[in-house]
Amino acid sequence: MNHGRQRTLGRPARVHGRGLFHGNDVTLTLLPAPEYHGIVFQRVDLASRVLIPARVEYVVAAPRRTVLSRLGAEVETVEHVLAALAGMQVDNCIVQVTASECPNGDGSAQAFVEAIDSAGIVPQSALVTRLDVAESCSVCDESTGACWTARPTADDTLHIDYELLSPFPGCDRQALSLAITPSTFANELAKARTFVRESEVQSLRAVGLGRRTTPSDLIVFDTNGMPIQNALRYSDECVRHKILDCIGDFALGGARLSGNFSGQKTGHRHNHELIRQIRDSQLGQRRRTA
Ligand SMILES: [Zn+2]
């Protein structure tokens, strides 16, 4: 099944800010791109101007965020801008950054959605490139209870069912089931912010990360599960942000995704593994039918 045309931006749009982990000042520019280009990052502060396609084969392991690397150039914390592009169904875009880490905004994807809205989305001529879950698959980690299951869907929708089971107050048990469309993404997910425990902030700072980060850059929960110097936007903001992160990581499949996804307790590494499996399964099927 293949409905719809590929989409890009009407004109360039910028987001200025600071990286969450490294605190670098950075400008991110979203640029229109031709059909079949996909989402591609470019470090414009490096002489080599290496292009880094937003694809799972360029993922390198990093805690708590998604990092892409190609030919010695890295771009970090790509998941929120990718979530905004995938959530708003922008298929083709060049994402230029002036430093190694994407801007954090307020810890959500809202700044990127506003940039996309200000640029406008325009349809192109070519049909959408799709990545459909063709056969059920799963990625589970028995030691932590983290598990993803993906099943085929009868139509071309992306449905995510997520249960956050966390040992700390504030985010201990939240569940949400949502069909992902540009409208549900913008209205239900885009404003949900990154969250950490106060004790995690201290351990991240001890290794030099997040030194310019303040409690207004994300949600920091105290030991009683209360946000420090901040207020929640939704009572279940944590599970909304987890789904936002999944959408960003799943965009690394490099095509418009459909399927029924059910997850719990997962992190970026599980998201990457699942989308790699789905992408490899599609490539395998193409080879068998070629
Ligand atoms: Zn996130």
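Scroll up to find the structure.
This write-up is about the structure you can find in this document. (Residues numbered from 1 in each chain as written. Predicted model: local features only at pLDDT ≥ 70, side-chain atom pairs only at ≥ 80, totals over all residues. Heavy atoms only, no water.)

As for the packing of aromatic side chains
Item 1. A full pass over the atoms with the stated rule returns four aromatic pairs.
Item 2. Plain terms: the ring middles of Trp148 and Phe261 are 6.3 Å apart, the flat faces sit at 90 degrees to each other, and that makes the pair edge-to-face. Here Phe261 lies in strand S18 (residues 256-264) and Trp148 lies in strand S13 (residues 146-151), a separation of 113 residues in the sequence. In terms of burial, Trp148 and Phe261 fall into one category: buried.
Item 3. Feature note: the residues Trp148, Tyr162, Phe250 and Phe261 constitute an aromatic cluster, connected by ring pairs.
Item 4. Over the aromatic face of Phe21 sits the side chain of Arg65, whose NZ or CZ is 4.5 Å from the ring centroid.
Item 5. The ring of Tyr234 carries the charged tip of Arg240 above its face, separated from the ring centre by 4.1 Å. (Phe/Tyr/Trp six-rings, centres within 6.5 Å; stacked < 30°, edge-to-face > 60°. Helix = DSSP H or I, 4+ residues; strand = E, 2+ residues; numbered from the N terminus. Buried < 20%, exposed > 50% of the residue type's maximum accessible area, 1.4 Å probe, protein only. Lys NZ or Arg CZ within 6 Å of the ring centre and 35° of its normal.)

Things to note about the pairing of strand S2 (residues 13-18)
Within a regular strand, side chains alternate between the sheet's two faces.
Item 1. Across six bridges, S2 lies against strand S3 (residues 25-32) in antiparallel orientation. Its bridge partner being in S3, Val15 is matched across the sheet by Leu28.
Item 2. Linking two consecutive strands that pair antiparallel, namely S2 and S3, is a turn of six residues; a positive phi of about 75 degrees is found at Gly23 within it. (Pairing = 2+ DSSP bridges.)

Focus: helix H1 (residues 79-87)
Item 1. Buried residues dominate H1, accounting for eight of its nine residues.
Item 2. Within H1, the full set of buried residues consists of Glu79, His80, Val81, Leu82, Ala83, Ala84, Leu85 and Gly87.
Item 3. Looking one or two places after H1, you find Gln89, whose phi comes out positive at around 60 degrees.

With respect to the sheet that holds strand S4 (residues 39-43)
Item 1. Sheet architecture is open: five strands sit in the order S2-S3-S9-S4-S5, paired in mixed fashion. Either end of the sheet is taken by a strand with one partner, and the two such strands are S2 and strand S5 (51-53). Sheet twist, expressed as the average angle between the axes of neighbouring strands with direction ignored, equals 25 degrees.
Item 2. Across five bridges, the pairing between S3 and strand S9 (residues 93-97) is antiparallel. Paired with Leu31 across the strands is Ile94, a residue of S9.
Item 3. Of the strands in this sheet, S3, S4 and S9 touch H1, which is tilted by about 145 degrees from S4.
Item 4. Strand contacts of helix H2 (residues 110-119): S2 and S3, with the helix running at about 160 degrees to S2, the strand carrying the most contacts. (Axes fitted to C-alpha atoms, helices over the stretch in contact; angles between N-to-C directions. Contact = heavy atoms within 4.5 Å.)

Some words on H2
Item 1. Turning to H2, its buried residues are Gln110, Phe112, Val113, Ala115, Ile116 and Ala119.
Item 2. Lining the buried residues of H2 we find strand S1 (5-9), S2, S3, H1, strand S10 (121-127) and helix H3 (182-189).
Item 3. One or two steps after H2, the chain reaches Gly120, where phi turns positive at roughly 80 degrees.

So, the state of the cysteines
Item 1. All told, the structure shown has two disulfides when counted by the stated rule.
Item 2. Disulfide partner of Cys140: Cys147, at an S-S distance of 1.8 Å.
Item 3. Judged by relative accessible area, Cys147 falls into the buried class, the value being 18%.
Item 4. With cysteine numbering restricted to those in disulfides and following the sequence, the protein has the pairing 1-2, 3-4.
Item 5. Cys93 supplies the cysteine sulfur nearest to Cys102, a cysteine that is in no disulfide, at a spacing of 11 Å.
Item 6. Relative accessible area serves as the criterion here: at 1%, Cys102 is assigned to the buried category. (Disulfide = S-S within 2.5 Å.)

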